[in-house]
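The chain contents come next:
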Amino acid sequence: MPDPRAPDLLALATAAGEPVLVAGVVTLWIVVLLRLPTTIGSAPRRRLLVAVAGLAGSVTVYLDPVTALLSSSVLASSCGIVMNLWGVLSAAFILDFVLAALSRRRPWPVYGVAVAVCVGLVLLDRADGGAQAGCVSSLQVPWYSPFWWLLCLAHVAAVVPAVLVTARSASRAESRSVRVGLALLCAAFVSSTFFWGVVVIARLTTGAGWIGGLFSLNIAVTTWLMAAGTAVPLAVHAGRWARSYWLRWRLRGLWRALVAAVPGVRMPGGPLPGLGRSSADLRLYRRVIEIRDALLVLRHRVDGPTADAARSHVRRARPGVDEEPAVVACWLALALESDGGPPAATGWPADPATPAQDIWTSEIAFQVALARFRTQPFVVAFARSVRTPGNELAGGVRR
């Protein structure tokens, strides 16, 4: 006995497919436009974006508003075949991208075969009086239609290699963002392969109308996966920019105090070697370097015994805390009150509090911790104790 809920579920999936597809297409075009500047000077990125734009175009022409617009134009008599031929061309874009990724790019054979397939589709359509071409969502042709079998074969032949290449590349990628992006693109190609190799063939061979009702939802899944995979570099860039802005904000107070005390550490304006003018890391890089340079100057305004006392104070007042930035925070309050000049005394190690492991990451973490410790009560208490008249460490700060 058939499940009475099945028609309701099918109607729900059919109704949801169209708006989800429209939103996916709009999102995909937005991603393509945002990625466009990154293709300058990069042939692999350019080929990928062409393939994605081709897919976006082949899906766009099937949307009801676009279909209506084409039908009212001079293409009214050949609107269906134009859609189908564009689909073949977009498949050629994908195959060209895949072969280029394998360092086996063969544009002439790829696009030559695409042209041959297009000619074959036009001839098959004309042989049947133009009854073969049209929207895939409204198939009304015999199951043996050579037009649609050839069209499905062209799409599957182009997309299956894309599945294999993106899956292999994703498994070998060292960067997590690259793995995620390639995995999403692979999923999009799998969805496209399923559509042309299973769903459309099932619709041809069975003639079941409910299968056609799922076309929009299947294409929408492909579109959203393609948009997500293409947008991963944009998300990474946005995340890097947000992190850079947040770190600059965290270091703002410390940086202002240090460059006011040691104005000579301010770096000149303009781009720096290895970092573009618009780089998200450029201002953060400047801020971190200027803070580091100022610390190297200010540490010589405090003698070794005072620094040792600061270390002992930190171990006694805050055991288990991140020791190096806490120690620097203790003597930094004293150094900022000094008037500069020669070192107060000797006894400093060559380069105290030099972070280990990854230098850049550790340096940022060190400075963020230092900025946080500057206002902690135990740091204020140490500076107050050193300023106390009669304290033997009072002479260890250059005033």
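Remember, predicted model here, so these are calculated numbers, not experimental data.

Conventions adopted
- Residues numbered from 1 in each chain as written.
- Predicted model: local features only at pLDDT ≥ 70, side-chain atom pairs only at ≥ 80, totals over all residues.
- Heavy atoms only, no water.
- Helix = DSSP H or I, 4+ residues; strand = E, 2+ residues; numbered from the N terminus.
- Buried < 20%, exposed > 50% of the residue type's maximum accessible area, 1.4 Å probe, protein only.
- Contact = heavy atoms within 4.5 Å.
- Areas by Shrake-Rupley, 256 points an atom, 1.4 Å probe, with all protein chains shown as cover.
- Polar contact = N/O pair within 3.5 Å; in protein donor to acceptor, adjacent residues only side chain to side chain.
- Phe/Tyr/Trp six-rings, centres within 6.5 Å; stacked < 30°, edge-to-face > 60°.
- Lys NZ or Arg CZ within 6 Å of the ring centre and 35° of its normal.
- Patch = residues over 30% accessible without salt bridge, like charges linked within 9 Å, V, L, I, M, F, W, Y side chains within 5 Å.
- Salt bridge = Lys/Arg side-chain N within 4 Å of Asp/Glu carboxyl O.
- Lys, Arg positive; Asp, Glu negative; His and termini not counted.
- Charge placed at Lys NZ, Arg CZ, Asp CG, Glu CD.
- Axes fitted to C-alpha atoms, helices over the stretch in contact; angles between N-to-C directions.
- Parallel < 35°, antiparallel > 145°, perpendicular 65-115°, else oblique.
- Left-handed = near helix turned anticlockwise from the far one by under 90°.
- Core = buried A, V, L, I, M, F, W, Y, C linked by side-chain atoms within 4.5 Å.

Can you walk me through the overall build of the chain in this structure?
Across its full length, the chain carries 14 helices and 0 strands. Across the chain, helices and strands are ordered from the amino to the carboxyl terminus as α-α-α-α-α-α-α-α-α-α-α-α-α-α. Taken over 399 residues, the chain has a buried fraction of 44%. Expressed as a percentage of contacts within the chain between residues at least 6 apart in sequence, the contacts between residues at least 24 apart total 74%. Per element, the accessible surface of the chain, about 20,600 Å² overall, is 65% carbon and sulfur.

Could you clarify how one ought to interpret the environment of S191 in this entry?
Assignment of secondary structure puts S191 in helix α7 (residues 176-206). Judged by relative accessible area, S191 falls into the buried class, the value being 9%. Linking S191 and V159, residues 32 residues apart in sequence, is a C-alpha distance of 9.7 Å. Excluding residues within four positions of it along the chain, S191 makes contact with N218, V221, T222 and L225. A polar contact of 2.6 Å, which involves the side chain of S191, links it to the side chain of T222.

Is there a simple way to explain the packing of aromatic side chains in this structure?
A ring pair, where both rings are aromatic, is described by two values, the distance of the centres and the angle of the planes. If you walk through the whole model with that rule in mind, you get 8 aromatic pairs. Put simply, the rings of W86, F93 and Y111 pair up and form one aromatic cluster. Here R287 stacks its cationic end above the ring of W255, 4.4 Å away from the centre of that ring. Here the basic side chain of R372 rests over the ring of F373, its NZ or CZ set 4.9 Å away from the ring centre.

Whenever I open this one, a positive patch on the surface confuses me. Can you help?
Among the surface-exposed residues, R104, R106, R168 and R172 lie close enough to one another that they form a single positively charged patch. R106 gets classed as partly exposed once you look at its relative accessible area, which sits at 47%.

Explanation requested: a nonpolar patch on the surface in the structure shown.
A grouping of V22, V26, I30 and L34 is seen on the molecular surface, where their side chains present a nonpolar patch of about 320 Å² in accessible area. Examined against the element boundaries, V26 turns out to sit in helix α1 (residues 5-35). For V26, a relative accessible area of 44% translates into the label partly exposed.

Which parts of the structure should I look at to understand the packing of helix α5 (residues 107-127) against helix α6 (residues 146-172)?
Relative orientation and spacing of two packed helices are given, respectively, by the angle between their axes and the distance between those axes. Interhelical geometry of α5 versus α6 gives an angle of 160° and a closest axis separation of 9 Å. Taken together, the axes of α5 and α6 lie roughly antiparallel to each other. For the element pair α5 and α6, the recorded crossing hand is left-handed. Facing α5, whose interface residues are V117, G120, L121, L124 and D125, α6 presents P146, F147, L150, L151 and A154.

Teacher, can you tell me more about the nonpolar core here?
For soluble globular proteins, the rule of thumb is that nonpolar side chains tend to be buried together. Grouped together as the largest cluster of nonpolar side chains are 53 residues, with contacts concentrated most on F189 and M226. When residues of this core are traced back to their parent elements, those giving at least two are α1, α2 (43-60), α4 (79-101), α5, α6, α7 and α9 (215-261). Looking at this core, the element that brings in the most residues is α7, giving 10 residues. If we ignore the near neighbours within four places in the chain, the residues touching M226 are L28, V52, L55, L185, A188 and F189. Of all hydrophobic cores here, the second largest spans 37 residues; its members include V288, V327, C330 and V368.

For this particular structure, what's the right way to read the environment of R243?
Position of R243 among the secondary structure elements: in helix α9. The exposure class assigned to R243 is partly exposed, which follows from its relative accessible area of 45%.

Hey, could you run me through unusual backbone geometry in this one?
The phi torsion at S103 lies on the positive side, around 60°, for a residue other than glycine. Take S103: it is sitting in the loop between α4 and α5. Residue class for S103 comes out exposed when judged on its relative accessible area of 68%.

Help me out: how do you make sense of the side chain of H155 in this one?
One can find H155 in helix α6. When neighbours within four sequence positions are excluded, H155 is seen to be in contact with G87, V88, S90, A91 and W196.

What exactly am I supposed to notice about the side chain of N218 here?
Examined against the element boundaries, N218 turns out to sit in helix α9. Residue class for N218 comes out buried when judged on its relative accessible area of 11%. Aside from chain neighbours lying at most four places away, what touches N218 is S191, F194, F195 and V199.

Would you explain the packing of α2 against α9 in this entry?
Viewed as axis vectors pointing N to C, α2 and α9 meet at an angle of 155°, and their least axial separation amounts to 11 Å. One element, α2, and the other, α9, form an angle in the roughly antiparallel class. Between α2 and α9 lies a crossing of left-handed hand. Residues L49, V52, L55 and V59 of α2 lie in contact with α9, whose contacting residues are I219, T222, T223, M226 and T230.

Without other data, these values stay purely geometric and don't point to any function.
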